[in-house]
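Chains, contacts and geometry: an overview
Each chain, letter by letter, is given below.
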Amino acid sequence: MAEYVGIDLGTTLSGLAYLKPDGNPEIVPNADGERLTHSVVFFDSHEDVKLVGSAARDGGEPDRTIFQIKRFMDDPEHLVEIDGKKWTPAEISALILSKLKRDCSKICGDITEVVITVPANFNELARKSTIAAAEMAGMKVKRLVNEPTAAAVYYAHSQGVKGRILVFDLGGGTLDTTILDVEGDNIKILTSEGARHLGGSNFDDILLEAYAEQYKKQTGAALYTDERHRRRVLQATEDAKKMLSKLQRVNDTVANDQNSGIARIDLSRDHFEKLIRHMLTRTIFLVEQALDSAKLKTSDIDHVVLVGGSTRIPKVKSMLEKMFGKVPKSCGNVDECVALGAALFAKKSSRIQEVCNASYGTLAMVYNAKTKEEKLMNSIVIPKNTPIPCSRTQVYQTSEDNERVIEVDITQGEDEDAKFVDVIGRLTLDVPPNRPKGCEVAVTFSYDENQRVRALVVDKQSGRSKEVAVTYKGAGVLSEEELKRRSQHLRAMRIE
Amino acid sequence: MFKILKSLSKSLGGSKPAPEPKSTAKEGSLLDKVNKGAPAAAKVEPSKTPEELCGITPKMPKDEIKAQLKMLFRRYNRSASSLDAKLRGEADQMLDAIVQVREKHFGEI
């Protein structure tokens, strides 16, 4: 049995690594001989089989092929309908995880417990969906770990470095930036910041637009009119993007499927970098945000570490070098280091101090005695970057006489403005009648190692209390019962 | 400074006890209510320039512009992963505006 297993469940690629007896992690290839598995699922219409990986990516029909499901793990309403059956993002992810488990266990032994990596900015729902996906695939999640944390663990292990590290993880779908201190085997995370929908696939989409524009200019026709052909051209743009990380210029020819002629695409690295400049500026904003969160300057960073396939883009390296005044270091194979780090994390987790990735609080009417102003605000109980596990209490007062029910909205987000935070749950507590306003209510939030939150409300006068874990409901969220039922169904499926 | 506990229903003046939350899937509607109950926040209006969207005035000093852009980026980057689809869409447009203002005032990367 493989004791320490880590899985990088990526937007475009997924990988599984295990810890060898010598203490070094190793990637386990899938049954197709690939070290990483494309996070793509194809639902075949002829045979009752679900293809996962490059076979699914290359040969499937577009309306039966699911790409980048990870982008929807935080959407409670997202469903994929195939042949009348509705699949949640967690179920699609479970198919990818099942393929990894089934294929890799033939090489490294049975896999029952795993560490799975998630983007640092994954919210509560996305984390819960990831755990559900693993359960459906027949694996218990020992811990969820943030992707840049896993990469940093691997970097520290393989390079033997110490000091303050900034990890810049630009993957297929997201950007994560984490700052951490490393001292031997001890790692202390200072902050993690993430940006959703900022990664290699966004660059591919931008290139696709450029290709379509060029095609229209040269032939007067649309480059693609259906999803199948759009996918093919998208694949070509991804290839061109990769080439431009090595060459200054690439030439390509493209055609549509309507016999409108062939167009020659001449693309330079400079032009590509101009096309993605706005996205790269966003990445710089995020790095600055991480530095601000940790109250650090660029000169306080000892090492800048690159993770994720999109960090192969030369402009990414040069802009970070300009910003920090030092050459960023690559984390070995930038595509594999997250899975490798996750396997190491499975063993070393007790020596790694993580932080809360979001602020949690409640809505409160805050009265400022100086200005006499009263304002509905997001009142934070657990601030972002608090070391976890943790528990914090804030005492509030009731607002009305004879209040019979105390309601506490659980918020996620650090903005003071209530509009810009998510209300992820509500807790109600019945209290005795005929009490004046101003009774004290203690609200306690607890945050566990898997970045999951619980809320406890205590009415101080009556001693009554209520505790809840945040639960999500929505078309794309499975109930516990449904989860069990679908797990059994999934385990009987043919997944290749 | 007093902090008075207020749930969404109370802040909107409802007197009936609120039921247990039925579905966080409908967070969009909850946030819409917050929007009505809370002070007005910037809305993305297509006719506005990026500066106007970001609240940048012509005579604003550089350090104030920088601070404003940082605050807005933090806010809308977070909103890009909100459970509220409407806010997510708004966030994307605001992030574009923030980047444009930065490039105009502080140069390209």
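Residues numbered from 1 in each chain as written. Chains lettered and ligands numbered in written order. Predicted model: local features only at pLDDT ≥ 70, side-chain atom pairs only at ≥ 80, totals over all residues. Heavy atoms only, no water.

**Looking at the overall build of chain A**
Counting its secondary structure elements, chain A contains eleven helices and 28 strands. Here the C-alpha atoms of chain A give a radius of gyration of 24 Å, agreeing with the 23 Å that 2.2 N^0.38 yields for 496 residues. If one aligns the C-alpha atoms of chain A with their principal axes, the spans along those axes are about 80 × 55 × 55 Å. Per-residue burial over chain A gives 59% buried out of 496 residues. Long-range contacts, defined here as pairs at least 24 residues apart, represent 68% of the contacts in chain A between residues at least 6 apart. (Helix = DSSP H or I, 4+ residues; strand = E, 2+ residues; numbered from the N terminus. Rg over C-alpha atoms; globule rule 2.2 N^0.38 Å. Buried < 20%, exposed > 50% of the residue type's maximum accessible area, 1.4 Å probe, protein only. Contact = heavy atoms within 4.5 Å.)

**With respect to the packing of aromatic side chains**
Counted according to the given criterion, the structure contains four aromatic pairs over all chains. Relative to B:F73, the ring of A:F285 lies with its centre 4.7 Å away and its plane at 10°, an arrangement referred to as stacked. Taken as a pair, A:F285 in helix α8 (residues 277-293) and B:F73 in helix α4 (residues 62-79) lie in two separate chains rather than in one. No difference in accessibility class separates A:F285 from B:F73, as the two residues are buried. (Phe/Tyr/Trp six-rings, centres within 6.5 Å; stacked < 30°, edge-to-face > 60°.)

**Thoughts on α4(B)**
Residues spaced three or four apart along an α-helix point in a common direction, a consequence of the helix completing one turn every 3.6 residues. A rise of 1.5 Å per residue sets the reference length of α4(B), with its 18 residues, at 26 Å; its end C-alpha atoms lie 25 Å apart and thus fit the reference within 8%. When we look at burial in α4(B), the residues that qualify are B:I65, B:L69, B:L72, B:F73, B:R75, B:Y76, B:N77, B:R78 and B:S79. In the core, the buried residues of α4(B) are packed alongside β14 (186-195), α8, β23 (405-412) and β24 (422-430) of chain A together with α3 (50-54) and α5 (85-106) of chain B. (Expected span 1.5 Å × (residues − 1).)

**Considering the sheet that holds strand β12 (residues 163-170) of chain A**
Residue and element names in this part refer to chain A. The strand order across the open sheet formed by six strands is β18-β17-β12-β13-β14-β19, and the pairing between neighbours is mixed. Looking at strand neighbours, the two that pair on one side only are β18 (329-330) and β19 (352-353), the edges of this open sheet. Bridge analysis of β14 against β19 gives two bridges, and the strand direction is parallel. Following the sheet pairing, K188 is matched in β19 by Q353. Relative to the sheet, α8 contacts β12, β13 (175-183) and β14, its axis offset from that of β14 by approximately 135°. (Pairing = 2+ DSSP bridges. Axes fitted to C-alpha atoms, helices over the stretch in contact; angles between N-to-C directions.)

**Considering the nonpolar core**
Core analysis: the largest hydrophobic core is formed by 63 residues, its most contacted members being A:L166, A:F168, A:I179, A:L320 and B:I98. Those residues in contact with A:L166, other than ones at most four positions away along the chain, are A:T177, A:T178, A:I179, A:V287, A:L291, A:I301, A:H303, A:V304, A:V305 and A:F324. (Core = buried A, V, L, I, M, F, W, Y, C linked by side-chain atoms within 4.5 Å.)

**Some details on the environment of A:L100**
Residues and elements named next belong to chain A. Tracing the backbone through its elements, the reader meets L100 in helix α2 (residues 89-108). Residue class for L100 comes out buried when judged on its relative accessible area of 1%. On a C-alpha basis, the gap between L100 and L344 in space is 18 Å, while along the polypeptide they are 244 residues apart. Filtering out sequence-adjacent residues up to four positions away, L100 remains in contact with I7, S14, L16, T37 and S105.

**Some remarks on the pairing of strand β5 (residues 40-43) of chain A**
Residues and elements named next belong to chain A. Side chains V40 and F42 of β5 all project onto a buried face; the interleaved residues V41 and F43 project onto the opposite face, where all are buried too. Here β5 runs beside strand β7 (residues 65-67); their pairing, made up of three bridges, is antiparallel. Paired with V40 across the two strands is F67, which belongs to β7. Note that β5 and strand β6 (residues 49-52) share three bridges and pair antiparallel. Each bridged residue has a counterpart across the sheet, and for F43 the counterpart in β6 is K50. Taking the residues that link successive antiparallel strands as the turn, the β5-β6 hairpin has five residues.

**Focus: the sheet that holds β5(A)**
All names here are of chain A. In space, the four strands of this open sheet follow the order β7-β5-β6-β28, with mixed pairing throughout. Looking at the sheet topology across the chains shown, the edges are occupied by β7 and β28 (494-495). Sheet contacts for α2: β5, β6, β7 and β28; angle to β5, the most-contacted strand, approximately 100°.

Interpretation in functional terms is not warranted from these geometric data alone.
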